[in-house]
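For reference, the chains in residue letters:
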Amino acid sequence: MLTLGIETSCDETSVAVVRDGTQVLSNVISSSKKSFERLAGVIPEEAARQQVACMTPVLDAALKEARCTWRDISLIAVTKGPGLLGSLLVGTTSARVLGATWGIPVIGVHHTLGHLSSPWLVPAGQPEAGIRFPVLTLSASGGHTDLWHRTSHLEGRLIARTRDDAAGEAFDKGASMLGLPYPGGPSIAAAAEHGDIHLYDFPMPLHEDATLDFSFSGLKTSLKYLLRDRSDARDDTRNVAASYEHALCLHLCDRLGRALRTHQDIREVHLVGGVSANLHLRTLAADVCRDRRVTLRHPSAIAYCTDNAAMIAAAGFFLRLEQPDAVDAAFRTVAALPLNDTLSQK
Ligand code: KG4
Ligand code: ZN
């Protein structure tokens with residue numbers, strides 16, 4: 001069964017064709033990030049204008065690359081929120097128009113549920129991942145940083161979240177302070193290559209705290225003061241970037257380790273969301289998982305970590321399987337859409 005996924009929640013226009021929620025036949029992503037590189041963020045109206053122009057060519061390219069036509073599609077899954085409202089509306093309106101003209105059912109998907117589904121994606125022709133629940137998922141992107149304890153695709157509990165900034169936001173704001181381009185995650189990672197991760201000290205957030213929550217604003221403030229107070233650090237981007245990246249990843253992994261000690265039933269740890277593209281994070285998380293003898297997974301391609309339509313197609317497929325009444329083109333498109341403490345779309 002082929003699902004057409006559509007994702008337009010931020011600056012990207014992405015359309016994908018995915019077989020049975022796992023096999024990616026195509027995942028075309030057109031991003032306007034380049035236009036925003038010097039701005040440390042996105043201009044919403046400009047992003048939406050570019051998405052209107054991109055939608056049809058990206059859709060055509062996704063069908064062509066998947067070597068199929070709309071007649072082969074059984075379901076259209078689209079991000080309904082959260083995100084930039086104008087951008088979301090480009091995606092959801094397109095999905096409704098296509099669903100109505102082609103006579104194909106449409107399902108609205110929470111963006112985060114898409115990220116949570118991304119470890120199931122494999123390039124077409126490769127064997128399935130063979131994932132076993134219960135899964136502990138660290139979902140870290142520009143908008144959220146959450147830990148989920150999941151017993152199936154749609155059953156699970158939010159066991160921790162950030163109290164202030166998201167991890168990706170800490171990368172983006174840190175990069176801006178260091179004069180590095182947006183998005184900050186990849187540019188800090190590139191600047192940090194061969195840097196000394198121990199040269200500058202950053203405090204470990206919430207170390208004495210009994211919860212599993214995250215906090216990134218203190219690390220961001222420490223970076224601000226370091227650059228203000230030490231002229232040697234201002235000229236040492238490589239080592240500052242390496243130490244800052246290490247501190248962010250160490251905090252994420254400190255909480256992962258604690259969560260694994262608290263929840264001994266966990267069989268797999270999944271890193272998802274844009275920040276899961278970070279190689280240093282993957283290395284530190286691998287140490288934590290090895291110690292606890294659990295499997296560590298991240299999406300099988302970097303393109304499945306950052307925002308993409310294949311993950312929305314996968315989530316839509318699983319959602320329809322486990323909750324058939326969720327298939328309904330009459331969902332609301334919402335900019336601020338919390339995924340409840342329990343993993344349910346209702
Ligand atoms: O999931 P995503 O593409 O979009 C949101 O849903 O927010 O995540 C984007 C975030 C940005 O903050 C970006 O800086 C971060 O993911 N990111 C990374 C890396 N690649 C992207 N952070 C750390 N290391 C990376 N390699
Ligand atoms: Zn995202």
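Everything below is about the structure printed above this text.
Residues numbered from 1 in each chain as written. Chains lettered and ligands numbered in written order. Predicted model: local features only at pLDDT ≥ 70, side-chain atom pairs only at ≥ 80, totals over all residues. Heavy atoms only, no water.

S.K.: Describe the packing of aromatic side chains, listing the residues and the values that go with them.
M.R.: Working definition: an aromatic ring pair is given by the centre-to-centre distance plus the angle between the planes. Applying the stated rule across the entire model yields 6 aromatic pairs. Taken together, a centroid distance of 5.5 Å and an interplanar angle of 15° make the contact between Trp70 and Trp102 stacked. With Trp70 in the loop between helix H2 (44–65) and strand S4 (73–81) and Trp102 in helix H3 (residues 85–102), the pair connects residues that are 32 residues apart, well separated along the chain. Among the aromatic side chains, those forming a connected cluster through ring pairs are Trp120, Phe133, Phe317 and Phe318. The ring of Phe331 carries the charged tip of Arg96 above its face, separated from the ring centre by 4.2 Å. (Phe/Tyr/Trp six-rings, centres within 6.5 Å; stacked < 30°, edge-to-face > 60°. Helix = DSSP H or I, 4+ residues; strand = E, 2+ residues; numbered from the N terminus. Lys NZ or Arg CZ within 6 Å of the ring centre and 35° of its normal.)

S.K.: Give me the sheet that holds strand S2 (residues 12–19): which residues, what numbers.
M.R.: Spatial ordering of the open sheet is given by S5-S4-S1-S2-S3-S6, a layout of 6 strands whose pairing is mixed. Each edge of the open sheet carries a strand with a single partner, namely strand S5 (106–110) and strand S6 (122–123). Relative to S4, strand S1 (residues 2–7) is paired through 5 bridges, and the arrangement is parallel. Across the sheet, residue Leu2 finds its bridge partner in S4, namely Ile73. (Pairing = 2+ DSSP bridges.)

S.K.: An account of the layout of surface pockets is requested, with residue identities and associated values reported.
M.R.: Its volume calculated, the largest pocket comes out at about 1400 Å³. Those elements that provide at least two residues to the lining of the largest pocket are strand S3 (23–31), helix H4 (111–117), strand S8 (145–150), strand S9 (156–161), helix H5 (167–177), helix H6 (184–192) and helix H10 (279–292). Split by residue class, the lining of the largest pocket holds 20 nonpolar, 19 polar and 10 charged. When residues are assigned to domains, the lining of the largest pocket turns out to be shared by domain 1 (2–127 + 303–345) and domain 2 (135–299), each giving three or more. (1 Å grid on protein atoms, 1.4 Å probe; cavity = no way out; pocket = protein on both sides within 12 Å on 5 of 7 lines; lining within 4 Å. Points joined across faces, edges and corners; volume = space filled by probe spheres on them. Nonpolar A, V, L, I, M, F, W, Y, C, P; charged D, E, K, R; others polar. Domains from an automatic or database assignment.)

S.K.: Describe in detail the coordination of the zinc ion (ligand 2), supporting the description with residues and values.
M.R.: Around the zinc ion (ligand 2), the donor atoms from the protein are His111 (NE2), His115 (NE2) and Asp307 (OD), and they sit 2.0 to 2.1 Å away. Read in sequence order, the donor residues coordinating the zinc ion (ligand 2) give the pattern H-x3-H-x191-D. Placement of the pair is His111 in helix H4 and Asp307 in the loop between strand S11 (295–297) and helix H11 (309–322), with a sequence separation of 196 residues. A residue is classified by how much of its surface remains accessible, and Asp307, at 21% relative accessible area, is partly exposed. (Donors = N, O, S within 2.8 Å, 3.2 Å for Na, K, Ca; no water. Buried < 20%, exposed > 50% of the residue type's maximum accessible area, 1.4 Å probe, protein only.)

S.K.: Explain the packing of H5 against H6 residue by residue, including any values.
M.R.: Where H5 meets H6, the closest approach of the two axes is 7 Å, and the angle between their N-to-C directions is 60°. By the angle between their directions, the pair H5 and H6 is classed as oblique. H6 is crossed by H5, and the crossing has left-handed handedness. Counting all contacts with H5, which are made through Phe171, Asp172, Gly174 and Ala175, the residues of H6 involved are Gly184, Gly185, Ser187 and Ile188. (Axes fitted to C-alpha atoms, helices over the stretch in contact; angles between N-to-C directions. Parallel < 35°, antiparallel > 145°, perpendicular 65-115°, else oblique. Left-handed = near helix turned anticlockwise from the far one by under 90°. Contact = heavy atoms within 4.5 Å.)

S.K.: I'd love a proper account of H10, names of residues and values included.
M.R.: For H10, which comprises 14 residues, the first-to-last C-alpha distance of 20 Å matches the rise-based estimate of 20 Å (1.5 Å per residue) to within 8%. Along H10, the residues classified as buried are His280, Leu281, Arg282, Leu284, Ala285, Val288 and Cys289. Tucked into the core, H10 has its buried residues touching helix H9 (237–262), strand S10 (268–272) and S11. The residue sitting at the N-terminus of H10 and contributing the capping side-chain oxygen is Asn278; that oxygen lies 3.0 Å from the backbone nitrogen of His280. (Expected span 1.5 Å × (residues − 1). Polar contact = N/O pair within 3.5 Å; in protein donor to acceptor, adjacent residues only side chain to side chain.)

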